[in-house]
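Tertiary structure, described
So the chains spell out like this:
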Amino acid sequence: MTEYPKSKAWYERARTSLAAGVSSQFRAASPHPMFYERAEGPYIWDVDGNRYLDFALSQGPMILGHSHPTVLDEMVAALRKGQLFAGQHEQEVLLAEALVRLIPSAERVRFSSTGSEADHAVIRMARYHTGRPLIVKFEGHYHGWLDGVSFSVNPTLEQAGPVESPNAVPWGGGVPERDAEGLLILPWNDAEAVADAFAKHGDRIAGVITEPVMCNQGCIEPAPGFLQALRDLCDAHGAALIFDEIITGFRIDLGGAQAHYGVVPDLAVFGKALGSGQPISALVGRARWFEGIERNELYHAGTLNSNQSAVAAALATVRLLEADERAAHRTIVRLGTRLRDGLAELGRSSPLPLVTQGPGPMFHAGFLSGDGPVRSYRDVLRYDAAAYGRFTAGMARRGVRVIGRGLWYVSAAHDDASVDRALEAAAATLEEMASTEADA
Ligand SMILES: Cc1ncc(COP(=O)(O)O)c(C=O)c1O
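Nothing here was measured: the structure is a model prediction, and the numbers come from that model.

Quick notes on the overall build of the protein
- Summing up its helical and strand segments, the protein has 13 helices and 14 strands in all.
- For a compact globule of 440 residues, the expected C-alpha radius of gyration is about 22 Å, and the protein comes in at 22 Å, within 12% of that figure.
- The C-alpha extent of the protein, read off along each of the three principal axes, is 65 × 55 × 50 Å.
- Residues counted as buried form 55% of the 440 residues belonging to the protein.
- Considering only contacts within the protein whose residues lie at least 6 apart along the sequence, 69% involve residues at least 24 apart.
- Here the protein displays about 19,000 Å² of accessible surface, and carbon together with sulfur accounts for 51% of that area.
- Each charge sign in the protein was given a centre, from 41 positive and 53 negative side chains, and these centres are 3 Å apart.

Below, the structure is given as structure tokens:
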């Protein structure tokens, strides 16, 4: 007997028309995808009428919480004037100016609709401006689902090959093998490996793309000096340093990881939190990397780019995050840090090896085996995914929603009581898991 009969019934119905019953592979949850019907502030309700305190935040975008009234009002006002002009409008200039003001590398901006597209565009720009073919991509990093970067996202140890020169492992079927020829896969947080790669292939490397915090696997922060080492190597060899700030952007700092860690890339992409759930992403960077676009020699396009409601949502989001000396952002950092540390404390007093890692406004939780720090992708394979699946199911039964792969997001709509409730649910879930496992 499922605990979520309406979700299950909708899933059974959905999968006869909607492939696998979902519109994104990341929503294919166990035992079946969940169906939701509304969300407000820090809460989301499923179709069975259960309310959850939400730390999934739609995989990150809802940084102000769900259905923020100002964001909604601004979107509706914009939509009433028109939805899409296939021409310019004033609001997108205001938004571009805000990004130039906030993001250290941003001298020029272009808007796209998704992070995947923005990543695709900046890689094209790096290749165009250097005239070189290779992009350094790190094992375990995710830069969207398009062919050119769909390698070594989450390979098994058997597939992954030698740690210092990992295999380029396609992320699922249908990815052209020839796209691997445009990539050099390297271990992350290992400046020596990157220096070696530049020593061997420097005249063929167009750019290095990195999540500045490895959010998609373990939420690992860069080792001290690692981002600067990437900056120096790119400078020495005339390659583009590209930060994929789709998760870190507006979250670790309003100016992204580049503002937080003080290392300025040539190009960067922002999405998720920028748009409070609307389809908008931004590619930003130093002016010279945009010259190809400005000369109309390099193409970046999109029918839906900078559509009215997405731009209105983004402008409202940025203004709200900046208001009152960034009070909303300070709340996210404070609550996230409290929650991360509280969960770690619960882990220390439990027989189960729950640990947390990450900067605070987003962090990772998981059950870790073995010794030593988690510094790169292969260390992440020490997390017990099945145990975490039992943990998320227990949290859901207690009215707390977290993502299955361990990343926690906190919004400005959460408060100290939300953190208390999440910690109570985690304590009860851990206790239940420990007693079930002791009985087994
Ligand atoms: C770091 C990173 N880059 C790119 C993407 C792709 O963004 P989108 O899903 O908007 O295409 C994601 C999505 O999760 C991401 O986490």
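Observations concerning the sheet that holds strand 12 (residues 362-367)
- Pairing is antiparallel across the open sheet formed by 3 strands, whose spatial order is 11-12-14. Looking at which strands have only one partner, the edges of the open sheet turn out to be strand 11 (354-357) and strand 14 (407-409). The mean inter-strand angle of the sheet, taken between neighbouring strand axes irrespective of direction, is 30°.
- Both strand 12 and strand 14 contribute to a ladder of 3 bridges, which runs antiparallel. Among the inter-strand pairings, methionine 362 is bridged to a residue of strand 14, identified as tyrosine 409.
- Contacts between helix 10 (residues 308-348) and the sheet are confined to strand 11, strand 12 and strand 14, with strand 11 contributing the most and set at about 155° to the helix.

A closer look at the site of the ligand
- Surrounding the ligand, one finds 13 residues, the nearest of these being Gly115, Ser116, Asn216, Asp244 and Lys272.
- Here an oxygen atom of the ligand sits 2.9 Å away from a polar atom, N or O, in the side chain of asparagine 216.
- One of the side-chain nitrogen or oxygen atoms of lysine 272 is found 2.9 Å away from an oxygen atom of the ligand.
- Coverage of the ligand by the protein chains reaches 83% of its 390 Å² of free accessible surface.
- In terms of residue class, the shell around the ligand is built from 3 nonpolar, 6 polar and 4 charged.

Re the pairing of strand 8 (residues 240-244)
- Summarising burial for strand 8: 5 of the 5 residues are buried, a large majority.
- What you see with strand 8 is no split at all: Ala240, Ile242 and Asp244 on one side and Leu241 and Phe243 on the other are buried throughout.
- Where the polypeptide runs from strand 7 (residues 205-210) across helix 7 (residues 226-237) and back to strand 8, its parallel neighbour, the crossover connection is right-handed.
- Read as a crossover between parallel neighbours, the route from strand 8 over helix 8 (residues 256-261) to strand 9 (residues 267-270) is right-handed.

Thoughts on the packing of helix 2 (residues 69-81) against helix 10
- As a packed pair, helix 2 and helix 10 sit with axes 8 Å apart at the nearest point and diverge in direction by 150°. When the axes of helix 2 and helix 10 are compared, the pair comes out roughly antiparallel. In terms of crossing hand, the pair formed by helix 2 and helix 10 is right-handed. Every residue of helix 10 that contacts helix 2 at Thr70, Val71, Glu74, Met75, Ala78 and Leu79 is listed here: Gln308, Ser309, Ala312, Ala313, Ala316, Thr317 and Leu320.
- Within the contact of helix 2 with helix 10, the residues separate by chemical class into 8 nonpolar, 4 polar and 1 charged.

Comments concerning the pattern of salt bridges
- Summed over all chains, the structure comprises 21 salt bridges.
- Two residues, glutamate 291 and arginine 295, come together in a salt bridge whose shortest N-O distance is 3.7 Å.
- It is possible to trace a salt-bridge network through shared partners that takes in Glu3, Arg397, Arg398 and Glu432.

Structural notes on helix 12 (residues 385-397)
- The end-to-end C-alpha separation of helix 12 is 18 Å, in line with the 18 Å expected for 13 residues at 1.5 Å each.
- Among the residues making up helix 12, those that are buried are Ala387, Tyr388, Phe391, Thr392, Gly394, Met395 and Ala396.
- Where helix 12 is buried, its residues contact strand 3 (51-54), strand 12, strand 13 (400-401), strand 14 and helix 13 (416-439).
- With its phi angle positive at about 80°, glycine 399 sits one or two positions after the end of helix 12.

What about the domain arrangement of the protein?
- What the domain assignment reports for the protein is domain 1 (5-67 + 325-439) and domain 2 (69-320).
- Computed over C-alpha atoms, the centres of domain 1 and domain 2 are 25 Å apart.
- With 28 residues of domain 1 at the contact, the number on the domain 2 side is 43 residues.
- In this assembly, domain 1 packs against domain 2 so that about 2,900 Å² is buried in total across both faces, 62% of it on carbon and sulfur atoms.

Quick look at the layout of surface pockets
- Estimates place the volume of the second largest pocket at around 360 Å³.
- Elements that contribute at least two residues to the lining of the second largest pocket include exactly helix 3 (90-102) and strand 4 (108-112).
- Split by residue class, the lining of the second largest pocket holds 8 nonpolar, 10 polar and 3 charged.

Quick word on the packing of aromatic side chains
- Inspection of the entire model under this criterion finds 14 aromatic pairs.
- A centroid spacing of 6.4 Å and a plane angle of 75° characterise the contact between tyrosine 36 and tyrosine 52, whose relative ring orientation is edge-to-face. Residue tyrosine 36 is located in strand 1 (residues 36-40), and its partner tyrosine 52 is located in strand 3; the two are separated by 16 residues in the primary sequence.
- Members of the aromatic cluster, each reached through a chain of ring pairs, are Phe26, Tyr142 and Trp171.
- Positioned over the ring face of phenylalanine 26 is arginine 405, at 5.9 Å from the centre of the ring.

Cut-off values and rules
Residues numbered from 1 in each chain as written. Predicted model: local features only at pLDDT ≥ 70, side-chain atom pairs only at ≥ 80, totals over all residues. Heavy atoms only, no water. Helix = DSSP H or I, 4+ residues; strand = E, 2+ residues; numbered from the N terminus. Rg over C-alpha atoms; globule rule 2.2 N^0.38 Å. Buried < 20%, exposed > 50% of the residue type's maximum accessible area, 1.4 Å probe, protein only. Contact = heavy atoms within 4.5 Å. Areas by Shrake-Rupley, 256 points an atom, 1.4 Å probe, with all protein chains shown as cover. Lys, Arg positive; Asp, Glu negative; His and termini not counted. Charge placed at Lys NZ, Arg CZ, Asp CG, Glu CD. Pairing = 2+ DSSP bridges. Axes fitted to C-alpha atoms, helices over the stretch in contact; angles between N-to-C directions. Near = heavy atom within 4 Å. Polar contact = N/O pair within 3.5 Å; in protein donor to acceptor, adjacent residues only side chain to side chain. Nonpolar A, V, L, I, M, F, W, Y, C, P; charged D, E, K, R; others polar. Right-handed = clockwise from strand over helix to strand, strands pointing away. Parallel < 35°, antiparallel > 145°, perpendicular 65-115°, else oblique. Left-handed = near helix turned anticlockwise from the far one by under 90°. Salt bridge = Lys/Arg side-chain N within 4 Å of Asp/Glu carboxyl O. Expected span 1.5 Å × (residues − 1). Domains from an automatic or database assignment. Buried area = accessible area lost by both parts, 1.4 Å probe. 1 Å grid on protein atoms, 1.4 Å probe; cavity = no way out; pocket = protein on both sides within 12 Å on 5 of 7 lines; lining within 4 Å. Points joined across faces, edges and corners; volume = space filled by probe spheres on them. Phe/Tyr/Trp six-rings, centres within 6.5 Å; stacked < 30°, edge-to-face > 60°. Lys NZ or Arg CZ within 6 Å of the ring centre and 35° of its normal.

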